[in-house]
Amino acid sequence: MSRTNLSNTGRYVVIYLASLSIFSALSPYIIPKALYDQFMVMLYGSDIATGMIPKQFEWPIQNMIHRLGGTLYMVLGVLQFSKTFRARRPRVHRWAGRVFVLLSFAAAISGMTMAYTHGMAGTVELVPSVVFGALMILATARAYQFARKRDFAQHREWMIRSFSIGLGIATIRILYMLGIATTSLTPTQLIGVTFWSGWLVTMAAGEWWIRQTRPVRRPEAEAQPASLQGA
């Protein structure tokens, strides 16, 4: 596959995952309540749907930070990785990047606290939420540090690692729905399995993308003495 085709495919995948994440985040606000409740029962069973999910709305600020902040995070994430946007609006890209960093921290922290205060599956949801939330914070902080040093190659790679964790929530949704349709696991068991597998798969895809799109150094430049390279 050529780099152009690879880039186009990657763009479509990212847009799809971001769109799925946005729909999932906004679904309680845009779907009629009776239909939303019925859909939750179908996906998670009556115990979780009528017991744990309504508790999310007992923490309105936390819930809105995660859902509405997460929506803006996805929109900015897609824009930040657009070459056209970066080239045409470099100043906006820089300021949007600062907002994106803050939203990354907010999404990770709110996700971890939500899993602690009213997670749907207890410990099996809390542990991966904390692990990958912490990794997202670390990757975002590293990306910001490299941007401050103007090492934009490393900045790009760490931002991809950070955003792949953010997009992992959509992969989790996809794997969960596949699991409901093809396995006999309980919703709680599936949540545990898909939280780990969804994030790991998306992070692995991010690493693969980094390697496939990393700029290739010219061998003749590497073979030159340092004095000649700086001439």
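Note that this is a predicted model, so its numbers are computed, not measured.

## What to know about unusual backbone geometry
Glycine aside, residues mostly have negative phi, and peptide bonds are mostly found in the trans state. Of note in the backbone geometry, Arg150 takes a positive phi value of approximately 65° without being a glycine. Relative accessible area serves as the criterion here: at 63%, Arg150 is assigned to the exposed category.

## Looking at helix α7 (residues 152-182)
With 31 residues, α7 should cover 45 Å at 1.5 Å per step; its first-to-last C-alpha distance of 43 Å lies within 8% of that length. If you look at α7, its biggest bend is around 30°, right at Leu167.

## Remarks on the packing of aromatic side chains
Here the distance between the centres and the angle between the planes together describe a pair of aromatic rings. Summed over all chains, the structure comprises 8 aromatic pairs. Centre to centre, the rings of Tyr73 and Phe163 are 5.6 Å apart; their planes meet at 65°, and the pair counts as edge-to-face. Pair noted here: Tyr73 is in helix α3 (residues 60-80) and Phe163 is in helix α7, with a separation of 90 residues, a long-range link. When sorted by exposure, Tyr73 lands in the same class as Phe163, which is buried. Put simply, the rings of Tyr73, Phe81, Phe100 and Phe163 pair up and form one aromatic cluster. Over the ring of Trp95 we find Arg98; its NZ or CZ atom is 4.5 Å from the centre of that ring. Sitting over the face of the ring of Trp158, Arg161 holds its NZ or CZ atom 4.6 Å from the ring centroid.

## Let's talk about the nonpolar core
In this structure, Met40, Tyr44, Ile53, Tyr73 and Ile191 are the most contacted members of the largest nonpolar core, which totals 35 residues. Contributions of two or more residues to this core are made by α1 (3-30), α2 (33-51), α3, α5 (90-118), α6 (123-148), α7 and α8 (187-213). No other element matches the 7 residues that α7 contributes to this core. With residues up to four places along the chain from it excluded, the contact list for Met40 reads Gly45, Ala49 and Ile53.

## So, the packing of α6 against α8
Taken N-terminus to C-terminus, the directions of α6 and α8 make an angle of 15°; their axes are 8 Å apart at the nearest point. The angle between α6 and α8 falls in the class roughly parallel. Read as a crossing pair, α6 and α8 show a hand that is left-handed. Seen from α6, the contacting residues are Val124, Glu125, Val127, Pro128, Ser129, Val131, Phe132 and Leu135; seen from α8, they are Thr188, Ile191, Gly192, Phe195, Trp196, Trp199, Leu200 and Met203. In terms of residue class, the contact of α6 with α8 is made up of 12 nonpolar, 3 polar and 1 charged.

## A few points about the pattern of salt bridges
In the structure shown here, the tally under the stated rule is 4 salt bridges. When the shortest N-O distance is used, the salt bridge between Lys33 and Asp37 registers 2.7 Å. Of this pair, Lys33 and Asp37 are both found in helix α2, 4 residues apart, which corresponds to roughly one turn of the helix. Glu157 is the salt-bridge partner of Arg214, the closest N and O atoms lying 2.8 Å from each other. Placement of the pair is Arg214 in the loop between α8 and α9 (219-223) and Glu157 in helix α7, with a sequence separation of 57 residues. Judged by relative accessible area, which is 33%, Arg214 ranks as partly exposed.

Cut-off values and rules
- Residues numbered from 1 in each chain as written.
- Predicted model: local features only at pLDDT ≥ 70, side-chain atom pairs only at ≥ 80, totals over all residues.
- Heavy atoms only, no water.
- Buried < 20%, exposed > 50% of the residue type's maximum accessible area, 1.4 Å probe, protein only.
- Helix = DSSP H or I, 4+ residues; strand = E, 2+ residues; numbered from the N terminus.
- Expected span 1.5 Å × (residues − 1).
- Bend = angle between axes of the 7 residues up to and from the residue.
- Phe/Tyr/Trp six-rings, centres within 6.5 Å; stacked < 30°, edge-to-face > 60°.
- Lys NZ or Arg CZ within 6 Å of the ring centre and 35° of its normal.
- Core = buried A, V, L, I, M, F, W, Y, C linked by side-chain atoms within 4.5 Å.
- Contact = heavy atoms within 4.5 Å.
- Axes fitted to C-alpha atoms, helices over the stretch in contact; angles between N-to-C directions.
- Parallel < 35°, antiparallel > 145°, perpendicular 65-115°, else oblique.
- Left-handed = near helix turned anticlockwise from the far one by under 90°.
- Nonpolar A, V, L, I, M, F, W, Y, C, P; charged D, E, K, R; others polar.
- Salt bridge = Lys/Arg side-chain N within 4 Å of Asp/Glu carboxyl O.

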